[in-house]
Amino acid sequence: MKLSLLLEYEYSSTQINLPKSISNKIYSWGIKNISQKFIYSDENKGRQSEDNIHVTVLYGLTDDKSDKMKKFLNNYGEIKFKLQNISLFKYFEDYDTIKIDVASEDLEKLHYTIEDNFENKNKFKDYKPHITIAYVEKNSCDNLNKNKEFYNVGFIARSIIYSSSNDKKYKIKLI
């Protein structure tokens, strides 16, 4: 699967954007520690932009409208997070994904609640919450695996973003 296919959106999704202070640190760390020569992309989209650092809650929603989700999540409650080690997804033949693992029982509960209550085409049985930093050439950044730069950084989310397949974004308050 080519990266460009991953960046085209066939379905809607939900995500939680990180606070600006944390996303700025993650972006800066990526610029400092991941050489541009290792970035994998046929469209120069291999690095997350500073304003797009997020945790995906669920990708694969078939509805482009946010109204039902907004009603469903009204007064859902805040979501607590702790960042973990930097690690790599090595699933794809042509590239690796550098990511930060996320620990959050609240987030896992929200993921499965949305998955169980909204029509979706989610292809992954296990939810592995993470923050993507960059897509890199295969085996080029293995030295970053288990890096603890963001370990135990915590934050609380009070809103979620509903992103339609046509990339319209709607902010939904959780409390």
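Residues numbered from 1 in each chain as written. Predicted model: local features only at pLDDT ≥ 70, side-chain atom pairs only at ≥ 80, totals over all residues. Heavy atoms only, no water.

Even after reading the chapter, I still don't get the sheet that holds strand β7 (residues 159-163), so can you show me in this structure?
Within a sheet, neighbouring strands are paired by backbone hydrogen bonds and run either parallel or antiparallel to one another. Read across the open sheet, the four strands follow the order β2-β1-β7-β8; overall the sheet is antiparallel. Each of the sheet's edge strands pairs with one partner strand only, and the pair in question is β2 (54-61) and β8 (169-173). Between one strand axis and the next, the sheet turns through 25 degrees on average, direction left out of account. With respect to the sheet, helix α4 (residues 105-117) is in contact with β1 (12-17), β2 and β7, its orientation differing from that of β2 by roughly 15 degrees. (Pairing = 2+ DSSP bridges. Helix = DSSP H or I, 4+ residues; strand = E, 2+ residues; numbered from the N terminus. Axes fitted to C-alpha atoms, helices over the stretch in contact; angles between N-to-C directions. Contact = heavy atoms within 4.5 Å.)

Is there a simple way to explain the environment of Glu119 in this structure?
Inspection of the secondary structure assignment puts Glu119 in the loop between α4 and β5 (130-137). Spatially, the C-alpha atom of Glu119 lies 6.1 Å from that of Leu61, the residues being 58 residues apart in sequence. Beyond its immediate stretch of four places on either side in the chain, Glu119 contacts Gly60, Leu61 and Thr62.

How do you make sense of the environment of Asn139 when you look at a structure like this?
Tracing the sequence through the fold places Asn139 in the loop between β5 and β6 (154-157). Look at Asn139 and you get partly exposed, because its relative accessible area is 47%. Sequence-wise, Asn139 and Leu88 are 51 residues apart; in three dimensions their C-alpha atoms are separated by 9.6 Å. Residues in contact with Asn139, not counting those within four places in the same chain, are Lys90 and Asp96. Here the side chain of Asn139 touches Lys90 through a polar contact of 2.8 Å, side chain to side chain. (Buried < 20%, exposed > 50% of the residue type's maximum accessible area, 1.4 Å probe, protein only. Polar contact = N/O pair within 3.5 Å; in protein donor to acceptor, adjacent residues only side chain to side chain.)

Which parts of the structure should I look at to understand the nonpolar core?
When a protein is soluble and globular, its nonpolar side chains tend to lie buried together. Counting residues in each nonpolar core, the largest one holds 40 residues, and the members touching the most others are Ile26 and Ile34. The greatest single-element share of this core, amounting to five residues, is contributed by strand β3 (residues 79-89). The contacts of Ile26, once residues within four sequence positions are left out, are Leu18, Ile53, Leu83, Ile100, Ile131, Ile133 and Phe150. (Core = buried A, V, L, I, M, F, W, Y, C linked by side-chain atoms within 4.5 Å.)

How should the environment of Gln36 be read in this particular structure?
Topologically, Gln36 is positioned in the loop between α2 (20-33) and β2. Classification of Gln36 by relative accessible area gives partly exposed; the value is 45%. For Gln36 and Ile53, which are 17 residues apart along the polypeptide, the C-alpha to C-alpha distance reads 18 Å. Looking at Gln36, its side chain comes within polar contact range of the side chain of Arg47, at 3.1 Å.

Mind showing me how you'd approach α2 here?
Residues spaced three or four apart along an α-helix face the same direction, because each turn holds 3.6 residues. With 14 residues, α2 should cover 20 Å at 1.5 Å per step; its first-to-last C-alpha distance of 20 Å lies within 8% of that length. For α2, the full list of buried residues reads Ile22, Ser23, Ile26, Trp29 and Gly30. Down the axis of α2, the buried side of the element spans an arc of 125 degrees, and every buried residue falls inside it. In α2, those exposed residues whose orientation departs by more than 90 degrees from the buried face are Lys25 and Lys32. Contacts from the buried residues of α2 go to β3, β4 (95-103), β5 and β6. (Expected span 1.5 Å × (residues − 1). Arc of directions from axis to C-beta.)

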